Amino acid sequence: MDCNRLNVYFIMGTVNCKKDPLKTLEEALQAGITCFQLREKGEGALIGAAYEEFARACQKMCQSYQVPFIVNDDVELALKLNADGIHVGQEDLALSTFREQAKGKIVGVSVHNSREMKQAILNGADYVGIGPIYRTKSKTDAKPPAGLPFLSAMRKQAGNFPIVGIGGITEENASAVRSSGADGVSVISVICHSKDIKQTVENLLLENIN
Ligand SMILES: C=C1C=NC(C(F)(F)F)=NC1=N
Ligand SMILES: [Mg+2]
């Protein structure tokens, strides 16, 4: 996976949004997010036909901006929609299972320590999500903040394997996350709660990427 794809990796579900989620996604795509993950979970999340319909609407929008459409956890839906990839946690399926069913798809894995990262790379992940870097409000069962030194240590171990930082990342701390070794920043609230999504995404983007 081209690590520039991870530049600004927006993650969203209907639960995260104050205003219309599809409008939020449209504005974020227009502003230049480089990857999108549908993470529909938690209290009040869509299920069944409404969930699938929402997912298809998000996928269609991503396709019109040539931005990868990644599904969190739900491998079945990812395969049904022929999504560009999936993102799974340590508790989700074994990558090998998904890999067989989905050649050429992007597979991302959340990792919290060097053993998990080593395993994810061995199992054929295309990128790893490392965090939470800072305190997050978006994930109820998040681990304690790992901080930048942890991210730097993981970068040292990973060589140039694609790494995206996640957890409490804002316009203020995004550059520190990048200079600590992340190829990109993954965000939920800072975009979902932004009054000016175009400005927010521009402030998060690493400019003049070749
Ligand atoms: C828990 C997560 C950790 N990392 C990522 C990503 F940023 F995509 F790598 N997504 C998640 N849903
Ligand atoms: Mg998960």
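Nothing here was measured: the structure is a model prediction, and the numbers come from that model.

Visitor: Report on the nonpolar core, specifying residues and quantitative values.
Guide: Of all hydrophobic cores here, the largest spans 66 residues; its most connected members are Phe10, Leu25, Ile33, Phe36, Phe69, Ile130 and Ile191. In terms of residue count, the dominant contributor to this core is helix H2 (residues 48-64) (six residues). Beyond its immediate chain neighbours, meaning those up to four positions away, Phe69 contacts Phe36, Leu38, Ala55, Cys58, Gln59, Cys62, Leu81, Ala83, Asp84 and Gly85.

Visitor: Could you give an account of the pattern of salt bridges, naming the residues involved and the relevant values?
Guide: Per the stated rule, a full pass over the model turns up eight salt bridges. Linking Lys19 and Glu27 is a salt bridge whose minimum nitrogen-to-oxygen distance equals 3.3 Å. Between Asp73 and Lys41 there is a salt bridge, with the nearest N and O atoms lying 2.9 Å from each other. Highlighted residues: Asp73 in the loop between strand E3 (69-72) and helix H3 (75-81) and Lys41 in the loop between strand E2 (35-38) and H2, separated in sequence by 32 residues. Through salt bridges with shared partners, a single ionic network connects Lys19, Lys23 and Glu27.

Visitor: Can you break down the UniProt feature "binding site: 4-amino-2-methyl-5-(diphosphooxymethyl)pyrimidine" (unreviewed entry) in the protein chain residue by residue, with the values?
Guide: UniProt annotation of "binding site: 4-amino-2-methyl-5-(diphosphooxymethyl)pyrimidine" (unreviewed entry) refers to Gln37, Leu38, Arg39, Glu40, Lys41, Asn72, Ser110 and Lys139 when read in the numbering used here. As for its placement among the helices and strands, Leu38 is situated in strand E2. Relative accessible area serves as the criterion here: at 1%, Leu38 is assigned to the buried category. Apart from the residues lying within four places of it in its own chain, the contact partners of Leu38 are Met12, Tyr51, Phe54, Ala55, Cys58, Phe69, Ile70, Val71 and Asn72.

Visitor: Any details on the sheet that holds strand E8 (residues 184-187)? Residues and values, ideally.
Guide: Strand order in the closed barrel formed by eight strands is E1-E2-E3-E4-E5-E6-E7-E8, with parallel pairing between adjacent strands. When strand polarity is set aside, the average angle formed by the axes of neighbouring strands in this sheet is 25 degrees.

Visitor: For unusual backbone geometry, give the residues involved together with the corresponding values.
Guide: Between Gly131 and Pro132 the backbone carries a cis peptide bond, its omega angle lying at 5 degrees. Mapped onto the fold, Pro132 is located in the loop between strand E6 (127-130) and helix H6 (147-158). One non-glycine residue, Gln66, adopts positive backbone phi at about 50 degrees. Following the sequence through the fold, Gln66 ends up in the loop between H2 and E3. Residue classification places Gln66 among the exposed residues on the basis of a relative accessible area of 61%. Residues other than glycine seldom take positive phi values, yet Asn82 does so here, at roughly 55 degrees. Positionally, Asn82 belongs in the loop between H3 and strand E4 (85-88).

The rules we used
Residues numbered from 1 in each chain as written. Chains lettered and ligands numbered in written order. Predicted model: local features only at pLDDT ≥ 70, side-chain atom pairs only at ≥ 80, totals over all residues. Heavy atoms only, no water. Core = buried A, V, L, I, M, F, W, Y, C linked by side-chain atoms within 4.5 Å. Buried < 20%, exposed > 50% of the residue type's maximum accessible area, 1.4 Å probe, protein only. Helix = DSSP H or I, 4+ residues; strand = E, 2+ residues; numbered from the N terminus. Contact = heavy atoms within 4.5 Å. Salt bridge = Lys/Arg side-chain N within 4 Å of Asp/Glu carboxyl O. UniProt positions renumbered as here; feature names shortened; annotations may be inferred. Pairing = 2+ DSSP bridges. Axes fitted to C-alpha atoms, helices over the stretch in contact; angles between N-to-C directions.

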